[in-house]
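Next come the chains, spelled out residue by residue.
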Amino acid sequence: VQLQASGGGLVQAGGSLRLSCSCPKRTCSNNAVGWFRQALGKEREFVAAISWRGGTSDYSDSVKGRFAISRENAGNTVNLQMNSLNPEDTAVYYCAVAFSPYGTSSSPTSYRYWGQGTLVTVSS
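So, how was this worked out
Residues numbered from 1 in each chain as written. Predicted model: local features only at pLDDT ≥ 70, side-chain atom pairs only at ≥ 80, totals over all residues. Heavy atoms only, no water. Disulfide = S-S within 2.5 Å. Helix = DSSP H or I, 4+ residues; strand = E, 2+ residues; numbered from the N terminus. Buried < 20%, exposed > 50% of the residue type's maximum accessible area, 1.4 Å probe, protein only. Salt bridge = Lys/Arg side-chain N within 4 Å of Asp/Glu carboxyl O.

## Quick look at the state of the cysteines
Here is step 1 of the chain: In the structure shown here, the tally under the stated rule is two disulfides.
Here is step 2 of the chain: Shown here is the disulfide that connects C21 with C95, its sulfur atoms set 2.2 Å apart. With the S-S bond torsion at 65°, the cross-link from C21 to C95 turns out right-handed. Of this pair, C21 sits in strand β3 (residues 17-22) while C95 sits in strand β9 (residues 91-98); the two residues are 74 residues apart in sequence, bridging distant segments of the chain.
Here is step 3 of the chain: A residue is classified by how much of its surface remains accessible, and C21, at 0% relative accessible area, is buried.
Here is step 4 of the chain: Shown here is the disulfide that connects C23 with C28, its sulfur atoms set 1.5 Å apart. Note on the C23 and C28 pair: the S-S dihedral is about -45°, so by sign convention the disulfide is left-handed.
Here is step 5 of the chain: The buried category is assigned to C23, whose relative accessible area is 12%.
Here is step 6 of the chain: Owing to a relative accessible area of 0%, C28 belongs among the buried residues under this scheme.

This is the structure:
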């Protein structure tokens, strides 16, 4: 299963970007989906996740109030709207499909399929 993450780029601090994760068939629509990020020299960290019907979402404390995760295209696309970006948000962002439809796990081990990553660079 190949997930396609897109929307990354270079943005100034305070700006916005919208990342999208496109999934084949019903891979995303039938399962919870999460976004993670990995900055250079750091471990991969949880950013946000949404349950299979979109009724539940969760965010890391570092992005809460600035980022919003959502579904569209009958649940086959999962977006991450990122506002008020700062240089600490610079990282490669990955989308991932969970083993389960339910919940919004922050643990990478709860996810079975991963996208290739899209780079977000925030300049000061």
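Alright, that's what it looks like, and here's the rest.
## Quick notes on the pattern of salt bridges
Proximity of charged atoms lets side chains of opposite charge pair with each other.
Here is step 1 of the chain: Across all of its chains, the model carries four salt bridges by this definition.
Here is step 2 of the chain: As a salt-bridge pair, D89 and R37 come within 2.9 Å of each other at their nearest N and O atoms. Note that D89 is positioned in the loop between β8 (77-82) and β9 and R37 in strand β4 (residues 33-38), a separation of 52 residues in sequence. Note on accessibility: D89 and R37 belong to one class, buried.
Here is step 3 of the chain: In this structure, D61 and K64 form a salt bridge, with 3.5 Å as the shortest nitrogen-oxygen distance.
Here is step 4 of the chain: Accessibility expressed as a relative area gives 48% for K64, which makes it partly exposed.
Here is step 5 of the chain: A single network of salt bridges, built from pairs that share partners, joins R37, E45, R66 and D89.

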